[in-house]
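Here are the chains, one letter per residue:
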Amino acid sequence: MYLAAIETAVAQHPDSVHCPVLYGPPRHRALPDHLTRLLELRDPSARRNGVKTLHIGMVEPAAALERFFVASETAAVVPLPSCHVAEGFDRGVLLSREAAVGPVQYGREACVSVRPVETIDAVRALPVRHN
């Protein structure tokens, strides 16, 4: 599962900056569980080498569509809707360094407009549409 891969990367690369941005409340319990595990791995208030390496936030309003992708300066993965199940995302597209520039910039801009969700209590308070 891609969430477990993200958690592994966050644990193995402590200098990497990770910025999950939620667009409205999560639709499935797996996302708040994932955010809780990230908060257990890293303290958002810590500054490793002077840099904050974990930013978690939510874009308002709550009616915003859920979106997700993973991007760095070297590549990006954009999940695609499933051909097999409703509301599933079991495929994705790997973007090259050149193509990843757009998602990285989009993510940076999204990070500045979020309401921080950077404590386990804040994650637990998120409403989940489907359990």
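Going by the structure above, here's the rest.
Residues numbered from 1 in each chain as written. Predicted model: local features only at pLDDT ≥ 70, side-chain atom pairs only at ≥ 80, totals over all residues. Heavy atoms only, no water.

Strand order in the open sheet formed by three strands is 5-6-7, with antiparallel pairing between adjacent strands. Every other strand in the sheet has two partners, leaving strand 5 (70-71) and strand 7 (91-95) as the edge strands with one partner each. Most of the contacts of helix 3 (residues 97-111) go to strand 7, to which it runs at about 110 degrees, and overall it touches strand 5, strand 6 (76-80) and strand 7. (Pairing = 2+ DSSP bridges. Helix = DSSP H or I, 4+ residues; strand = E, 2+ residues; numbered from the N terminus. Contact = heavy atoms within 4.5 Å. Axes fitted to C-alpha atoms, helices over the stretch in contact; angles between N-to-C directions.)

Another aspect to go through is the side chain of T53. Note on placement: T53 falls in the loop between strand 3 (51-52) and strand 4 (57-59). When neighbours within four sequence positions are excluded, T53 is seen to be in contact with P14, D15, S16, V17, H18, R42, A46 and R48.

Let us look at the pattern of salt bridges. This structure, assessed with the given rule, holds four salt bridges. A salt bridge links E7 to R37; the nearest nitrogen and oxygen atoms lie 2.9 Å apart. Of this pair, E7 sits in helix 1 (residues 2-12) while R37 is found in helix 2 (residues 30-41), placing the two residues 30 residues apart along the sequence. Taking the relative accessible area as the measure of exposure, E7 reaches 11% and is therefore buried. Among the residues examined, R37 registers a relative accessible area of 35% and is labelled partly exposed. The shortest N-O distance in the salt bridge between R29 and D33 comes to 3.2 Å. (Salt bridge = Lys/Arg side-chain N within 4 Å of Asp/Glu carboxyl O. Buried < 20%, exposed > 50% of the residue type's maximum accessible area, 1.4 Å probe, protein only.)

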